[in-house]
Amino acid sequence: MARIDVLMPQMGESIAEGTLSKWLKKVGDAVKRDEPLFEISTDKVDAEIPSPSAGVLAEIKVQEGQTVPVQTLVAVLETEKGAAASAPAPAPAGPAAGKPEPAPAAKPAPAPAPAPVAPRPAPSQPAPVATMGGNGETAEDRLRRKSTPLVRKIAAEHQVDISQIPGTGFAGRVTKQDILGFIERAPAGAPAPLTPGTRPLTPAVIEHPATEPWPGDRVEPWSKIRRITADHMIMSRRVSAHVASFFEVDYTQVARLRTRHKASYADRGVNLTFLAFIARACAANLRKHPIINAAVSGESTIYRRDINIGIAVALDWGLIVPVVKHADELSLLGLARGINDLGERARTKKLSPDDIQRGTFTITNPGGFGPYAGIPIINQPQVAILGVGTIEKRPKVITQDDGADAIAIRTMGMLTMSYDHRVVDGADADKFLADVKATLQNFPEQEL
């Protein structure tokens, strides 16, 4: 028998740690190569991790709920020698070519961290070379600053310079425990200085007040994705000046086209939904209204070149927003296929970190659950988010060709857009929504 080490994978260049949220196999279970072995949760995405080889799960080194650095030994497989020889070696997560020394199992994330110590490279891992850059910064400093988005957010909230904190993570990176321990030990009112040109992301620390449970209540700790969502929503309401506009849309033309072409799309493996038409209408009009496809950076506005539309997906364990890249370059079929694929991979935990990054505009579709309309919270650092209300048949006054008014049954729905009034004026938002409405009400059949 041969032994295969199973390591905590690096799910993206900027991710330095992950939480092992669930084991899908028990010690002694047989496992096939590429069969899901355990689930992890990071600052960016939840994912199922496949087994690197066929064999038997011999040891579990990291328990459910523990957060450990990437490349930490989480389990050991026992395999036949032939299978072990064919198993691919795990890719290194950092600049080192060799496999780093397995890290011991970490304590659960909520536990207070010990005082951070200077990182010690593993025997097979060369220490980062302290070469000087053009700005006088060493390579080690750059590695320390390259922490997870959560660590950088905490640093911004507390006005802490990450480069001043000794990192205990892989390659000297600063972990969540490192920065929380540093803040806890810092004298009150004496935050570490920010590097030039940086400024806090939020005006105050995000806190969630405690409430005393009553007898018989069930207390369920937040998952990582729920905690991140909660912090992000509060931060967004504090940062952006939220304003909303409501537009009623007549989807009768879209409903006719959908009924006519739904079967042919299904033959190509694509579910043709109203959401695909809405995403196509947004993608077609964002170029005409660049301020809606922008982002705020300090006291500047970034006009994004790419049009990448995020589609909010409600999961049993939280909310996630995978992104359809270059949506304006896709046909209706391409958009529908992309939305279907991202939604399915979100529900089966097959998304990669890249799938949920670089969004420029977001669409959320609570209408599938029945609400008439809603006011969504902006997905930072974007400046606008579109909410889709339920789409249903309603009586509507229409003007006939002879000019006479009549009451007809039409397929109607509400679109609500929340936007950041710091940079998006009401006229800008309403012009964009008016164009989206016109596109939907006169959707060209040749696009199908």
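In this text, all values refer to a predicted model and were calculated from it rather than measured experimentally. (Residues numbered from 1 in each chain as written. Predicted model: local features only at pLDDT ≥ 70, side-chain atom pairs only at ≥ 80, totals over all residues. Heavy atoms only, no water.)

Undergrad: What exactly am I supposed to notice about the packing of helix 7 (residues 274-286) against helix 8 (residues 332-347) here?
TA: To describe two helices that pack against each other, one gives the angle between their axes and the distance between the axes. For the pair helix 7 and helix 8, the least separation of the axes is 9 Å and the interaxial angle reads 120°. In terms of orientation, helix 7 lies oblique with respect to helix 8. Pair helix 7 / helix 8 crosses with right-handed handedness. Contact residues: Leu275, Ala276, Phe277, Ala279 and Arg280 in helix 7; Leu332, Leu335, Ala336 and Ile339 in helix 8. Split by residue class, the contact of helix 7 with helix 8 holds eight nonpolar, no polar and one charged. (Axes fitted to C-alpha atoms, helices over the stretch in contact; angles between N-to-C directions. Helix = DSSP H or I, 4+ residues; strand = E, 2+ residues; numbered from the N terminus. Parallel < 35°, antiparallel > 145°, perpendicular 65-115°, else oblique. Left-handed = near helix turned anticlockwise from the far one by under 90°. Contact = heavy atoms within 4.5 Å. Nonpolar A, V, L, I, M, F, W, Y, C, P; charged D, E, K, R; others polar.)

Undergrad: Explain the sheet that holds strand 8 (residues 73-79) here, please?
TA: Backbone-to-backbone hydrogen bonds pair the strands of a sheet. The strands run either parallel or antiparallel. Spatially, 1-8-6-3 is the arrangement adopted by the four strands of the open sheet, whose pairing is antiparallel. In this open sheet, the two strands that pair with only one neighbour each are strand 1 (2-7) and strand 3 (30-31). Relative to strand 6 (residues 55-60), strand 3 runs antiparallel, the two being bridged by two bridges. Counterpart to Ala30 in the pairing with strand 6 is Val56. (Pairing = 2+ DSSP bridges.)

Undergrad: Got a minute to help me understand the nonpolar core in this structure?
TA: If you look at soluble globular proteins, the nonpolar side chains tend to sit buried side by side. Judged by nonpolar contacts, the single largest core of 58 residues is most densely connected at Phe361, Ile363, Met417 and Leu440. For this core, the element with the highest residue contribution is helix 7, accounting for 10 residues. Ignoring anything within four residues of it in the chain, the contact list for Met417 reads Val243, Ala244, Ser245, Ile292, Phe361, Ala384, Ile385, Leu386, Ala429, Phe432 and Leu433. In terms of nonpolar packing, the next biggest core, distinct from the first, is built from 19 residues, Leu20, Val31, Phe38 and Val62 among them. (Core = buried A, V, L, I, M, F, W, Y, C linked by side-chain atoms within 4.5 Å. Buried < 20%, exposed > 50% of the residue type's maximum accessible area, 1.4 Å probe, protein only.)

Undergrad: What am I meant to see in the environment of Ile15 here?
TA: Along the chain, the position of Ile15 falls in the loop between strand 1 and strand 2 (17-23). Along the backbone, Ile15 and Pro69 are 54 residues apart, and their C-alpha atoms lie at a distance of 9.0 Å.

Undergrad: I would appreciate a short explanation of unusual backbone geometry in the present structure.
TA: The general pattern is negative phi for most residues beyond glycine and trans for most peptide bonds. Here the bond from Gln380 into Pro381 is cis, since omega is 0°, no more than 30 degrees from zero. Tracing the chain through its elements places Pro381 in the loop between strand 16 (361-364) and strand 17 (384-388). Phi at His326 is positive, roughly 50°, even though this residue is not glycine. Secondary-structure assignment places His326 in the loop between strand 15 (323-324) and helix 8. Its identity is not glycine, yet Arg358 carries a phi of approximately 65°, on the positive side. Turning to its location among the elements, Arg358 is positioned in the loop between helix 8 and strand 16. Classification of Arg358 by relative accessible area gives exposed; the value is 61%.

Undergrad: What's the story with the packing of aromatic side chains in this structure? I'm lost.
TA: Ring pairs (aromatic) are described by centroid distance and by the angle formed between their planes. Per the counting criterion, the structure on display carries four aromatic pairs. Aromatic side chains Phe277 and Phe443 sit 5.0 Å apart centroid to centroid with 75° between the ring planes, which places their arrangement in the edge-to-face category. With Phe277 in helix 7 and Phe443 in the segment after helix 9 (426-441), this residue pair connects regions lying 166 residues apart in the sequence. Aromatic side chains Phe361 and Phe432 sit 5.8 Å apart centroid to centroid with 70° between the ring planes, which places their arrangement in the edge-to-face category. With Phe361 in strand 16 and Phe432 in helix 9, this pair connects stretches of sequence that are 71 residues apart. Each member of the pair Phe361 and Phe432 is classed as buried. In this arrangement the basic side chain of Arg268 is found over the ring face of Tyr265, its NZ or CZ atom lying 4.8 Å from the centre. (Phe/Tyr/Trp six-rings, centres within 6.5 Å; stacked < 30°, edge-to-face > 60°. Lys NZ or Arg CZ within 6 Å of the ring centre and 35° of its normal.)

Undergrad: Please explain the confidence of the model for the chain as it appears in this structure.
TA: Any segment with low pLDDT has predicted coordinates that should not be analysed in fine detail. Per-residue confidence for the chain gives a mean pLDDT of 81; residues scoring 70 or more make up 77%. Of the regions scoring below 50 in pLDDT, residues 82-144 engages in 89 contacts with residues more than four places distant in sequence or in other chains. Confidence over residues 188-204 falls short of pLDDT 50; this stretch has 25 contacts with residues more than four positions distant or in other chains. (pLDDT = per-residue confidence, 0-100.)

Undergrad: How do you make sense of the sheet that holds strand 7 (residues 67-69) when you look at a structure like this?
TA: Strand order in the open sheet formed by four strands is 5-4-2-7, with antiparallel pairing between adjacent strands. In this open sheet, the two edge strands, each paired with only one partner strand, are strand 5 (46-50) and strand 7. The sheet shows a mean angle of 40° between the axes of neighbouring strands, direction not considered. The pairing of strand 4 (residues 36-41) with strand 5 spans five bridges and is antiparallel. What sits directly across from Phe38, in strand 5, is Ile49.

Undergrad: Honestly, the pattern of salt bridges in this entry has me stumped. Any pointers?
TA: Here the structure, examined in full by the defined rule, presents 21 salt bridges. Between Lys26 and Asp29 there is a salt bridge; the shortest N-O distance is 3.9 Å. Using a relative accessible area of 58% as the deciding quantity, one classes Lys26 as exposed. For Arg345, the salt bridge goes to Asp341, with nearest N and O atoms at 3.1 Å. You can see Arg345 and its partner Asp341 sitting in helix 8, four residues apart, about one turn around the helix. On the accessibility criterion, Arg345 (22% relative accessible area) is partly exposed. In this structure Asp341 comes out as partly exposed when scored by relative accessible area, which is 36%. The structure contains a network of salt bridges with shared partners spanning Arg3, Glu59, Lys61 and Glu78. (Salt bridge = Lys/Arg side-chain N within 4 Å of Asp/Glu carboxyl O.)

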